[in-house]
Amino acid sequence: MTAAEQISVPEPVLREDRLDYTPTARSVALCRHRAARLVLQWGHPELAGDASLLVSELATNALLHGAIEGRLFRVHLTLTATTLRIAVSDARGERLPDPREVTDDECYGRGLLIVAGLADRWGVEPRTAGKTVFAELALRQGPDMLMGPREVVRAGPSRTATPR
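Description of the structure in this document. Counting restarts for each chain: residues are numbered from 1 in the order of the written sequence. Residues qualify for local features only when their pLDDT is at least 70, as the model is predicted, and side-chain atom pairs are given and counted only at 80 or more; totals for whole chains, interfaces and linings, by contrast, use all residues. Processing note: side-chain calculations cover all non-hydrogen atoms of the structure and skip hydrogens and water entirely.

1. Here's the deal with the nonpolar core
Next up, step 1: Definition of nonpolar core: a set of buried residues of the types Ala, Val, Leu, Ile, Met, Phe, Trp, Tyr and Cys, connected through side-chain atoms within 4.5 Å. Classification of residues uses two cut-offs on accessible area relative to the type maximum, computed with a 1.4 Å probe and protein chains only: under 20% is buried, over 50% is exposed, and between them is partly exposed. Counting residues in hydrophobic clusters, the biggest one holds 33 residues, and the most contacted among them are F73, V75, L77, L84, I86 and W122.
Next up, step 2: Per the convention used, a helix needs a DSSP run of H or I reaching at least four residues, while a strand needs a run of E reaching at least two, with both numbered from the N terminus. Elements that contribute at least two residues to this core include exactly α2 (25–41), α3 (45–65), β2 (73–79), β3 (83–90), α4 (111–118), β4 (121–126) and β5 (131–138).
Next up, step 3: At 9 residues, the largest contribution of residues to this core is made by α3.
Next up, step 4: Among all residues touching L84, those that are not within four sequence positions of it are V39, W42, L47, A51, T78, L79, A135, E136, L137 and L139. The criterion used for residue contact is that any of the two residues' heavy atoms lie within 4.5 Å.

2. Here's the deal with the packing of aromatic side chains
For any pair of aromatic rings, the description rests on two quantities: the centre-to-centre distance and the angle between the ring planes.
Next up, step 1: To pair, rings of Phe, Tyr and Trp, with the six-membered ring standing in for Trp, must have centres within 6.5 Å; the planes then decide the type, stacked if under 30 degrees apart, edge-to-face if over 60, and tilted in the middle. As enumerated under the stated definition, the model contains 1 aromatic pair in all.
Next up, step 2: A centroid spacing of 5.7 Å and a plane angle of 25° characterise the contact between Y21 and F73, whose relative ring orientation is stacked. Here the residue Y21 occupies a position in strand β1 (residues 15–21), and F73 occupies one in strand β2, the gap between them amounting to 52 residues.
Next up, step 3: Judged by its relative accessible area of 8%, Y21 is buried.
Next up, step 4: Under the relative-accessibility criterion, F73 is labelled buried at 2%.
Next up, step 5: Charge-over-ring contacts are defined here by two conditions on Lys NZ or Arg CZ: a distance within 6 Å of the ring centre and an angle within 35 degrees of the ring normal. Over the face of the ring belonging to F134 we find R85, whose NZ or CZ atom lies 4.1 Å from the ring centre.

3. Things to note about the pattern of salt bridges
Next up, step 1: What makes a salt bridge here is a side-chain nitrogen of Lys or Arg within 4 Å of a carboxyl oxygen of Asp or Glu, nothing more. Scanning all chains against the criterion turns up 8 salt bridges.
Next up, step 2: The residue E16 makes a salt bridge to R18 at a minimum N-O spacing of 2.9 Å.
Next up, step 3: A relative accessible area of 42% places E16 in the partly exposed class.

4. Details of the packing of α3 against α4
The description of two packed helices rests on the angle between their axes and on the distance between the axes.
Next up, step 1: Axis definition: a line fitted to C-alpha atoms, over the contacting stretch in the case of helices. Angles run 0 to 180 degrees between N-to-C directions. Where α3 contacts α4, the axes come no closer than 9 Å and their chain directions differ by 150°. The hand of the α3/α4 crossing is left-handed. Contacts between α3 and α4 involve D50, L53, L54, E57, L58 and N61 from the former and G111, L112, I114, V115 and L118 from the latter.
Next up, step 2: Any residue outside Ala, Val, Leu, Ile, Met, Phe, Trp, Tyr, Cys, Pro, Asp, Glu, Lys and Arg is labelled polar, Gly included; the first ten of those are nonpolar and the last four are charged. Its residues placed into classes, the contact of α3 with α4 shows 7 nonpolar, 2 polar and 2 charged. Note on convention: near helix rotated counterclockwise from far helix by under a right angle means a left-handed crossing. Clockwise means right-handed.

5. Observations regarding empty space enclosed by the protein
Next up, step 1: Both cavities and pockets are sets of points on a 1 Å grid over the protein atoms alone; in a cavity a 1.4 Å probe fits but cannot get out, in a pocket the set is open with protein on both sides within 12 Å along at least five of seven lines, and lining residues sit with an atom within 4 Å of a point. Grid points are joined across faces, edges and corners, and a volume is the space filled by probe spheres set on the points. Per the counting criterion, the structure on display carries 1 cavity of 30 Å³ or more.
Next up, step 2: Forming the walls of the largest cavity are P23, A62, G66, A67, I68, R71, L72, F73, D90 and A91.
Next up, step 3: Residue composition of the lining of the largest cavity, grouped by class: 7 nonpolar, 1 polar and 2 charged.

Shown next, in the form of C-alpha cells:
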C-alpha cells in the first residue's frame with residue numbers, strides 16, 4: 001500500500017449538536033434528555049435509549065472525575081451515514097477513564113463497563129486542555145445486519161485499537 005492509500009477519508013457529518021453544561025447533577029439529566037430527543041429527531045429511534053444512557057454515563061464521569069471549578073463540560077453528538085458518536089469533553093486531561101472490577105456491594109464504578117457493553121467503539125482522546133471520552137454506536141445497514149466488531153481506543157502516542 002502506498003501512503004495515499006493508507007489515509008482514511010472521514011465520513012461526511014449528516015447531523016451534529018454541541019452544547020456546554022455546568023458541572024452539576026442537573027446537567028446530566030438535561031444532556032441525557034437532549035441526546036434522546038435529538039437521536040429521535042435524526043431518525044434513529046432504535047438508538048435513542050442507548051445514546052441517552054451513554055451520554056448519562058460519560059457526563060456523570062465528567063462531573064465526578066473531570067470537573068474543575070468554573071469550567072464547563074461539553075457534550076458533542078455527531079451522526080454520519082454509519083455511526084452515531086457521543087463525545088464528552090472535560091477539563092481534567094490527567095484523569096483518564098479506567099474500567100475496573102466492582103463487587104456486588106459497591107454502589108459506584110460500573111459506568112465504563114456499561115459504556116463498553118453498549119458502544120461498538122469507545123475511547124479517550126487528549127485535548128490541549130482536558131480530554132474527550134467518546135462512544136460510538138454503529139448504525140444498522142439492514143434489519144439483520146450485525147453492527148460490527150467492538151473496540152476500545154486508548155489515549156497515548158500509539159492510539160492502538162483493541163478488539164473486544
